[in-house]
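Per-entry structural report
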Amino acid sequence: MLAAHPSPDHLLPSGIMVAWWFGTGQYVPVNPDARLAFFAGVAVVSGLVLAAATFVCALTYQSANILMAGVRRRYSRELKRNWSSIIVSAFLTAVGPIGAMLVDDVRPAIGIGVALYCIGLLVARAVRSVWWLNYTLFMQDIAESTPEKYALPPVRTAHTRPEAH
């Protein structure tokens, strides 16, 4: 299950940083205003992803779908790990560029590296959040397309309930 293993999401940002470090010779834009604008842009987008991820997390946990309730019961530990990692990472990718702004005057390459790592992690966690959005929203479609795997219990009406007789 995808939610059981959020740590591989760090492979993309690590790869981006390594590629930048060795591939471009640690390129850093000369203009400090351009670097600060870059850092601010990453922080803003991270904040937007944090808000969206929080919404999707709430949607996942508040879904009344019986299948989603079953997923929450069966995979509660994995879901907790998944959503905690998404929300904490989105917060850190919003704060990281602010820290990069602070070290920019002294070590601009560190600031760029931090921002690039934040972008990679942000992309990975945003993809994870969108995956969960689709999973939650289309759970009923999944159930209808494979009814033998996701059989719904019969709906009980007042005429079929034992206490009605």
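Reading the values: the criteria
Residues numbered from 1 in each chain as written. Predicted model: local features only at pLDDT ≥ 70, side-chain atom pairs only at ≥ 80, totals over all residues. Heavy atoms only, no water. Helix = DSSP H or I, 4+ residues; strand = E, 2+ residues; numbered from the N terminus. Buried < 20%, exposed > 50% of the residue type's maximum accessible area, 1.4 Å probe, protein only. Areas by Shrake-Rupley, 256 points an atom, 1.4 Å probe, with all protein chains shown as cover. Expected span 1.5 Å × (residues − 1). Contact = heavy atoms within 4.5 Å. pLDDT = per-residue confidence, 0-100. Core = buried A, V, L, I, M, F, W, Y, C linked by side-chain atoms within 4.5 Å. Axes fitted to C-alpha atoms, helices over the stretch in contact; angles between N-to-C directions. Parallel < 35°, antiparallel > 145°, perpendicular 65-115°, else oblique. Left-handed = near helix turned anticlockwise from the far one by under 90°. Nonpolar A, V, L, I, M, F, W, Y, C, P; charged D, E, K, R; others polar.

For the chain, the count of helices and strands is six helices and zero strands. Listing each helix as α and each strand as β along the chain from the N terminus yields α-α-α-α-α-α. Looking at the chain as a whole, 33% of its 165 residues are labelled buried. As presented, the chain carries roughly 10000 Å² of accessible surface, and 68% of it is formed by carbon and sulfur atoms.

One turn of the α-helix equals 3.6 residues, which is why residues spaced by three or four share an orientation. Taking 1.5 Å of rise per residue, 28 residues should cover 40 Å, and helix 4 (residues 76-103) covers 40 Å from first to last C-alpha, within 8% of that figure. Of all the residues in helix 4, the buried ones are Leu79, Asn82, Trp83, Ser85, Ile86, Ser89, Ala90, Thr93, Ala94, Gly96, Pro97 and Ala100. Check the buried side of helix 4 and you find it contacts helix 2 (32-62), helix 3 (66-74) and helix 5 (108-137).

The next thing to look at is the confidence of the model for the chain. When pLDDT is averaged along the chain, the result is 83; 82% of the residues meet or exceed 70. Of all secondary-structure elements in the chain, the lowest mean pLDDT belongs to helix 6 (residues 139-145), at 66, while helix 2 reaches the highest, 92.

Checked against the element boundaries, Ser63 lands in the loop between helix 2 and helix 3. Spatially, the C-alpha atom of Ser63 lies 7.6 Å from that of Thr136, the residues being 73 residues apart in sequence. Beyond its immediate chain neighbours, meaning those up to four positions away, Ser63 contacts Met68, Arg72 and Thr136.

If you look at the biggest cluster of nonpolar residues, it comprises twelve residues: Ala53, Val56, Cys57, Leu67, Met68, Val71, Leu79, Trp83, Ile86, Trp132, Tyr135 and Met139. Residues in contact with Ala53, not counting those within four places in the same chain, are Trp83, Ile86 and Ser129.

What follows covers the packing of helix 4 against helix 5. Packing of helix 4 against helix 5 leaves a shortest axis separation of 9 Å and a crossing angle of 155 degrees. Considered as vectors, helix 4 and helix 5 are oriented roughly antiparallel to each other. The two elements helix 4 and helix 5 meet at a crossing, and its hand is left-handed. On helix 5, the residues that touch Leu79, Asn82, Trp83, Ser85, Ile86, Ser89, Leu92, Thr93, Gly96, Pro97, Ala100 and Val103 of helix 4 are Pro108, Ile110, Gly111, Val114, Cys118, Leu121, Leu122, Arg125, Arg128, Ser129 and Trp132. In terms of residue class, the contact of helix 4 with helix 5 is built from 14 nonpolar, seven polar and two charged.

What follows covers the packing of helix 2 against helix 5. Interhelical geometry of helix 2 versus helix 5 gives an angle of 25 degrees and a closest axis separation of 9 Å. If you check the angle between helix 2 and helix 5, you find them roughly parallel. Read as a crossing pair, helix 2 and helix 5 show a hand that is left-handed. Of the residues contributing to the contact of helix 2 with helix 5, the split by class is 19 nonpolar, five polar and one charged.

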